[in-house]
Amino acid sequence: MTDIPNIPFGRPWVTDGERTAVQQVLEGHILTHGVKCEEFEDAFARFVGGDAYCLTVSSCMSALYLAYFQMGIGFGDEVIVPAQTHTATVHAVELVGAKPVFVDCNLQTGNMDCERIEAAITPDTKAIGLVHFLGIPCDMDHVLRVADQYQLKVIEDCALAVGACYEGKHVGLFGDVGCFSFYPVKHITTGEGGMFVTRHAGVAEQVSRLRAFGVDRSHSERTVPGKYDVTVLGINSRMSEIQAAIGCQQLTKINQILGLRADNFSQLKASLSGIRGISILDADHPNKLNSHYCLSVILHGDLKKYRDSVIRGLNEAGVGTSIYYPHPVPRLTYYKNKYGYQKELWDNAATISDCSIALPVAPHVTLSDIQYISDSFRKVIKEVL
Ligand SMILES: *Cc1c(COP(=O)(O)O)cnc(C)c1O
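Residues numbered from 1 in each chain as written. Predicted model: local features only at pLDDT ≥ 70, side-chain atom pairs only at ≥ 80, totals over all residues. Heavy atoms only, no water.

Caption draft 1: Layout of the overall build of the protein. A tally of regular secondary structure across the protein gives 13 helices and 13 strands. What you see for the protein is a C-alpha radius of gyration of 21 Å, in line with the 21 Å of a compact globule of 385 residues. Considered along the principal axes of its C-alpha atoms, the protein spans approximately 70 × 55 × 40 Å. When the 34 positive and 42 negative side-chain charges of the protein are each reduced to one mean point, those points stand 3 Å apart. (Helix = DSSP H or I, 4+ residues; strand = E, 2+ residues; numbered from the N terminus. Rg over C-alpha atoms; globule rule 2.2 N^0.38 Å. Lys, Arg positive; Asp, Glu negative; His and termini not counted. Charge placed at Lys NZ, Arg CZ, Asp CG, Glu CD.)

Put into structure tokens, the structure is as follows:
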């Protein structure tokens, strides 16, 4: 019997650096409100550049929520969001009481179709909540032009876009707020965690309060320990020192991580090229730098209906896969029940949900794995047809 390889879709890259850093935090007894979060924030700010203020938070979803909450967006307001995204992008809008208005994506990049944004704007529209899909930057010139014209805020969901740039500038720095995720399978991880990024000092100042119960001063600002006031409503979405220590270590490897992902992606894309009836989501212009979260293959024509069989075949061959994302958000039961589902409005989103397969390109995947993934893909396609 031959050994079946095991290539998981994602695997966090954790080494002695992270283990030692966690140990040091535990030995220092300061588990939150410490200097590690500040260190991680400073390092992340240096990485994205552009004089951004960076605030550690408990997840990307909480960063998104805090963005809308701080902006005062709520009941009676509308926010334009892509139909094809993680539910968190839209839940954040829903949680502040605003109404998400879904826009279909295009099939080259998977990003919200910019040409359709204007048609979705109403007098109640307050913001555009866009997503850099799988690390492929949106057309920011277009989005900012529309946002400017209609005086809309722009919130960038950069959960899969650490390292993605548009015209040489890191994503998350174009709109009012950028939100990042450090969930285990993403580019870098802190277990759970996120980063709230903004170019506006005032927004950063307010959100640093909102993420910690709305308390008016941080630990280091309290002259009498335990004495503080609460001036605004807030939640607790802080990151712990343990997580931040892991994040600092992860960030030291970011260029290596991005390089390996880029190599794996281009190698896999090249090896799959020539297979009939598939297309691959990627940046559609040289001014967009993909951060290569994964390689998403869309099956077309006769292959379409065999998507789940292809996945099973790959998984049986030891190739881990995922689906980004398994349903257009408006097709998820919660949203379907609340707003109804109009298939014809979100056709491309449905194609990605129903006919795509996300293949692994993270640093745990070697170039010989890439060859194996591509060989397995060809073999499975032949078998199902
Ligand atoms: C993973 C993901 C999120 C959620 O990130 P968390 O840190 O788990 O809250 C949000 N948006 C997108 C596009 C994602 O892929």
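Back to the write-up after that little detour.
Caption draft 2: Geometry of the packing of aromatic side chains. Throughout the structure, instances matching the rule amount to 17 aromatic pairs. Here the aromatic rings of F133 and Y325 are separated by 6.0 Å at their centres, their planes lie at 65°, and the arrangement is edge-to-face. Of this pair, F133 sits in the loop between β4 (125–131) and α6 (140–150) while Y325 sits in the loop between α10 (307–316) and α11 (333–339), and the two are 192 residues apart along the sequence. Each member of the pair F133 and Y325 is classed as buried. Measuring from centroid to centroid gives 5.0 Å for Y324 and Y325, while their planes differ by 70°, and the two rings are edge-to-face. Both residues of the pair, Y324 and Y325, belong to the buried class. In textbook terms, an aromatic cluster arises when at least three aromatic residues are bridged by ring pairs, as seen for F102, Y334, Y335, Y339, Y341 and W346. A cation over an aromatic ring shows up here: K169 above the ring of F174, its NZ or CZ 4.7 Å from the ring centre. (Phe/Tyr/Trp six-rings, centres within 6.5 Å; stacked < 30°, edge-to-face > 60°. Buried < 20%, exposed > 50% of the residue type's maximum accessible area, 1.4 Å probe, protein only. Lys NZ or Arg CZ within 6 Å of the ring centre and 35° of its normal.)

Caption draft 3: The nonpolar core, seen in detail. Within the largest apolar cluster, 49 residues are counted, with the highest numbers of intra-cluster contacts made by Y68, V79, F102, L134, I155, F196 and Y324. Those elements that place two or more of their residues in this core are β1 (53–57), α3 (60–71), β2 (78–82), α4 (87–95), β8 (177–181), α7 (201–210) and α12 (347–355). The element best represented in this core is α3, accounting for eight residues. Three or more residues apiece are contributed to this core by two domains, here domain 1 (16–251) and domain 2 (254–384). Contacts of Y68, omitting those with residues within four sequence positions, involve I73, V79, A92, V93, V96, A127, G129 and I155. By size, the runner-up hydrophobic cluster in this structure holds 26 residues, among which are A43, A45, V171 and L251. (Core = buried A, V, L, I, M, F, W, Y, C linked by side-chain atoms within 4.5 Å. Domains from an automatic or database assignment. Contact = heavy atoms within 4.5 Å.)

Caption draft 4: Structural view of the pairing of β4. In terms of burial, β4 is largely enclosed, as six of its seven residues are buried. Examined bridge by bridge, β2 and β4 share three bridges and lie parallel to one another. Each bridged residue has a counterpart across the sheet, and for V79 the counterpart in β4 is A127. Relative to strand β5 (residues 153–157), β4 runs parallel, the two being bridged by five bridges. Counterpart to V131 in the pairing with β5 is D157. Handedness of the crossover is the feature at issue here: the chain leaves β4, passes through α6, returns alongside β5, and the resulting connection is right-handed. (Pairing = 2+ DSSP bridges. Right-handed = clockwise from strand over helix to strand, strands pointing away.)

Caption draft 5: View of a negative patch on the surface. Together, E115, D139, D141 and E167 make up a region of like negative charge exposed at the surface. As for its placement among the helices and strands, E115 is situated in the loop between β3 (99–103) and α5 (117–120). Judged by relative accessible area, E115 falls into the exposed class, the value being 63%. (Patch = residues over 30% accessible without salt bridge, like charges linked within 9 Å, V, L, I, M, F, W, Y side chains within 5 Å. Areas by Shrake-Rupley, 256 points an atom, 1.4 Å probe, with all protein chains shown as cover. Salt bridge = Lys/Arg side-chain N within 4 Å of Asp/Glu carboxyl O.)

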